[in-house]
Amino acid sequence: DGYIHLFADYYQGDPSAMHGHWRYFRSAKPEDITSLIERTSLLPEGKYLSGFHMRANVGISPDGKKMAIIALANPGNIPVIWRGNRNCLDFIFSSPAQYAESQALFYPQLSLNNQGDVVIIGQIWADSNSGPRTPYARLIHLNAANKIIHQEDLVCADGSRICTDMRPKEDNDRNKLL
């Protein structure tokens, strides 16, 4: 439908302070970001809604009816997901849920299908007491109830960064990602 959905948070400049306070905006007109309508009131209140890393990512289903947001909550790098369902022009979000155990810093991408399954893949920086951090990729497949169907760590052979293409294997068929 062309409406632009923008999620923003802010960092107050104090590394020890809890940060990451979500705000949600939608464009007033399709494909036009010059005028935004604040829709933050549509985000749920409660646990995990502040104090998270700003490495959040958003995915939307091909039919435009579902949205997912993932981030790491602080303290403890807890992976959380927010799910939104389309209601007219906006998304109404459920309370965030923890979808996996705490982990090292995670730089993910995500893809969402029309049924609500989510595929998350991203680079993880594993802490090492004996040397530099070791990057590897983690693949996670969640069902619509936020349960892990599959998880796999993909080691990078030469220790370099990992780039993943999340485009569908066939044009206009994102179900092939799952």
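Here, residues in each chain are numbered from 1, in the same order as that chain's written sequence. Per-residue local features of the predicted model are confined to residues with pLDDT of at least 70, and side-chain atom pairs are confined, for both listing and counting, to 80 or more; whole-chain, interface and lining totals are unaffected and use all residues. Excluded from the side-chain calculations are hydrogens and water; all other atoms, namely the structure's heavy atoms, are used.

**A closer look at the overall build of the protein chain**
Formally: Counting from the N terminus, the helices are the DSSP runs of H or I reaching at least four residues and the strands are the DSSP runs of E reaching at least two. Here's how the labels work: a residue is buried when its accessible area is under 20% of the maximum for its type, exposed when over 50%, partly exposed in between, all with a 1.4 Å probe on protein chains only. Note on contacts: a residue pair is in contact if any heavy atoms of the two residues lie within 4.5 Å. For the accessible areas, the method is Shrake-Rupley and the probe is 1.4 Å, while residue cover comes only from the protein chains on display.
Along its length, the protein chain carries zero helices and 12 strands. The helix and strand sequence of the protein chain, counted from the amino end, reads β-β-β-β-β-β-β-β-β-β-β-β. The proportion of buried residues among the 178 residues of the protein chain is 41%. Once local pairs closer than 6 in sequence are excluded, the contacts in the protein chain between residues at least 24 apart make up 46%. Accessible area of the protein chain: about 9900 Å², with a carbon and sulfur share of 49%.

**What about the sheet that holds strand β1 (residues 5-8)?**
Backbone hydrogen bonds are what pair the strands of a sheet, in a parallel or an antiparallel way. Counted only if it meets this: DSSP-based pairing: two strands are paired if at least 2 bridges between them are found. What counts as an axis is a line fitted to C-alpha atoms, over the stretch in contact for a helix, and the angles between N-to-C directions run from 0 to 180 degrees.
In spatial order, the strands read β1-β2-β3; together these three strands make up an open sheet with antiparallel pairing. Each edge of the sheet is formed by a strand with only one pairing partner; in this case those strands are β1 and β3 (32-38). Averaged over all neighbouring strand pairs, the angle between strand axes comes to 40 degrees, with direction disregarded. In terms of strand pairing, β1 meets strand β2 (residues 23-29) through four bridges, oriented antiparallel. Bridging across to β2, F7 finds its partner in Y24.

**Structural notes on the nonpolar core**
Put simply, the rule is: Residue types Ala, Val, Leu, Ile, Met, Phe, Trp, Tyr and Cys, when buried and joined through side-chain atoms within 4.5 Å, form a set referred to as a nonpolar core.
I81, Y99, V118, I120 and L142 are the most contacted members of the largest nonpolar core, which has 16 residues in total. Elements with a contribution of two residues or more to this core: β5 (66-73), β9 (105-112), β10 (118-126) and β11 (134-142). In terms of nonpolar packing, the next biggest core, distinct from the first, is built from 14 residues, M67, A73, V80 and W82 among them.

**Here's the deal with the pairing of β5**
Across the eight residues that make up β5, a large majority, seven, are buried. In this structure, strand β4 (residues 57-60) lies alongside β5, joined through four bridges in antiparallel fashion. When the bridges of β5 are listed, N57 appears paired with I70. The antiparallel hairpin formed by β4 and β5 contains five residues in its connecting segment, where G64 sits at a positive phi of about 75 degrees. One ladder, built from eight bridges, connects β5 with strand β6 (residues 78-87); its direction is antiparallel. Residue pairing in the sheet places M67 in a bridge with G84 of β6.

The quantities given are spatial measurements derived from coordinates; they are silent on function.
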